[in-house]
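Observations on the three-dimensional arrangement
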Amino acid sequence: MDFKDYYKILGVEPTADDKEIKTAYRKLARKYHPDVSKEKDAEAKFKDASEAYEALKSADKRAEYDELRKYGQHGQPFQGPPGWQSRGGFGGGQDAGDFSDFFSSIFGARGDAFGGGQRRSAGRKGQDVEMQLSVFLEETLSTESKQISFQVPQYDASGRHVSNTTKSLNVKIPAGVTDGERIRLKGQGAPGIGGGPNGDLYLIVKFAPHPKFEVDGENLIINLPLAPWELALGTEVAVPTLTGKINLKVPAGSQNGQRMRAKGHGLLNKAGQRGFLYVQLKAVMPKQADDETIALWQELARKANFNPRENF
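Residues numbered from 1 in each chain as written. Predicted model: local features only at pLDDT ≥ 70, side-chain atom pairs only at ≥ 80, totals over all residues. Heavy atoms only, no water.

Going by the annotation in an unreviewed UniProt entry, the name recorded for the protein chain is DnaJ domain-containing protein, with Pseudomonas quebecensis given as the source organism.

When you go through the protein chain residue by residue, the secondary structure sums to seven helices and 11 strands. Counting all 312 residues of the protein chain, 36% fall into the buried class. On the protein chain, roughly 19200 Å² of surface is accessible, and the fraction owed to carbon and sulfur atoms is 47%. (Helix = DSSP H or I, 4+ residues; strand = E, 2+ residues; numbered from the N terminus. Buried < 20%, exposed > 50% of the residue type's maximum accessible area, 1.4 Å probe, protein only. Areas by Shrake-Rupley, 256 points an atom, 1.4 Å probe, with all protein chains shown as cover.)

This part is about a positive patch on the surface. Taken together, the side chains of Lys 22, Arg 26, Lys 27, Arg 30, Lys 31, Lys 40 and Lys 45 present a region of like positive charge at the surface. Here the positive patch gets five residues from one element, more than from any other, and that element is helix H2 (residues 18-32). Checked against the element boundaries, Lys 45 lands in helix H3 (residues 42-56). Assessed through its relative accessible area of 35%, Lys 45 is described here as partly exposed. (Patch = residues over 30% accessible without salt bridge, like charges linked within 9 Å, V, L, I, M, F, W, Y side chains within 5 Å. Salt bridge = Lys/Arg side-chain N within 4 Å of Asp/Glu carboxyl O. Lys, Arg positive; Asp, Glu negative; His and termini not counted. Charge placed at Lys NZ, Arg CZ, Asp CG, Glu CD.)

On to the sheet that holds strand E7 (residues 219-226). A sheet is described by the order of its strands in space; here four strands give the open sequence E6-E7-E11-E10, paired in mixed fashion. Two strands in the sheet have a free side with no partner beyond their single neighbour: strand E6 (214-216) and strand E10 (259-268). Adjacent strand axes in the sheet meet at a mean angle of 35°, parallel and antiparallel pairs treated alike. When E10 meets strand E11 (residues 274-283), the two strands line up antiparallel, connected through six bridges. If you follow Arg 259 over to E11, its bridge partner there is Gln 280. (Pairing = 2+ DSSP bridges. Axes fitted to C-alpha atoms, helices over the stretch in contact; angles between N-to-C directions.)

On to the pairing of strand E8 (residues 235-241), then. Successive side chains on a regular strand alternate, one facing one side of the sheet and the next facing the other. Across seven bridges, E8 lies against strand E9 (residues 244-250) in antiparallel orientation. Pairing of Val 237 across the sheet is with Leu 248, part of E9. The hairpin turn running from E8 into E9, its antiparallel successor, is two residues long.

Formed by 37 residues in total, the largest nonpolar core has its most connected members in Ile 148, Leu 201, Leu 203 and Leu 224. Apart from residues lying up to four places away in sequence, Leu 224 is in contact with Val 237, Val 239, Leu 248, Val 250, Val 279, Gln 280, Leu 281 and Lys 282. Formed by 28 residues, the second largest nonpolar core is a distinct cluster that contains Leu 10, Ile 21, Ala 24 and Ala 49. (Core = buried A, V, L, I, M, F, W, Y, C linked by side-chain atoms within 4.5 Å. Contact = heavy atoms within 4.5 Å.)

As paired elements, E7 and E11 share seven bridges and run parallel to each other. Across the sheet, residue Leu 226 finds its bridge partner in E11, namely Ala 283. Connecting E10 to the next strand, E11, in antiparallel fashion are five residues, including Gly 272 with a positive phi near 85°.

A cluster of nonpolar side chains, contributed by Trp 229, Leu 233, Met 285, Trp 297 and Leu 300, occupies part of the molecular surface with about 560 Å² of accessible area. Secondary-structure elements contributing two or more residues to the nonpolar patch are helix H6 (228-233) and helix H7 (291-304). Residue placement: Leu 233 occurs in helix H6. Relative accessible area serves as the criterion here: at 67%, Leu 233 is assigned to the exposed category.

Here the focus is empty space enclosed by the protein. Across all of its chains, the model carries two cavities of 30 Å³ or more by this definition. Approximately 50 Å³ is the volume attributed to the second largest cavity. In this structure, the second largest cavity is lined by 10 residues; those nearest its centre are Tyr 71, Val 171, Lys 172, Ile 183 and Leu 203. Among the secondary structure elements, those contributing two or more residues to the lining of the second largest cavity are strand E3 (161-172) and strand E4 (182-185). (1 Å grid on protein atoms, 1.4 Å probe; cavity = no way out; pocket = protein on both sides within 12 Å on 5 of 7 lines; lining within 4 Å. Points joined across faces, edges and corners; volume = space filled by probe spheres on them.)

Listed below in structure tokens is the structure:
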């Protein structure tokens, strides 16, 4: 089953509003309607556009699709994230050909949230569970799964809370995740009551403090300690990044507090590109100085003929 990027099919950005989506759909529907179009594959393109509009016109469906979109690429085989389960089937087989297998696996053949043509269960949805997920900056660049454990409430048939159980999952950190982002894992919350659907698990991402880097959006900031003579004369320094070290050339005459930037060494954004690493130069004075060193500083002060407070 291949993933479908419905935004790409309609030719709109993921940030498009309802009016833009509706306008794009109508334009494609007029262009590819089988009764009037002579375009190649018009019928298939018309169905794709209709399916895309069906998925995006409803706020609830669009939100559900957007959660899955983080894990798929258009035209590539789709494997949902941990906790996602294909709805499967076509709700009794009615009009199963209206939509693709991908669409039907999410919304059911008729596009309703509970499977095509099926009535909503009289049961009650299980309780949603929310937990904070501490993430190291290095993990935001990794493709490895992260194991989490959390408490899930259990209820009896009357809806009375009876106990908690510990549940473990392997989750993959989505590319471009941000501090404070809320990630939904469908069906991983408390079991439903009376045949109702399971609740959802919500992970609140919290970046763990890093000993070297500060986070500024998709960019990172690091302080680089330098001796005064290194700022004056210039130097080359190995600077840490999240994936190793890079050599940074500090030009002669650099200033304390000056920033230099290294492209592609920040955090990932939603487009899969990495931001900048900003290296902030920080002059560090020797803690102690002997008489000879002090004499050298005094000689420098005389010869430099420099007043840093000239315009102060």
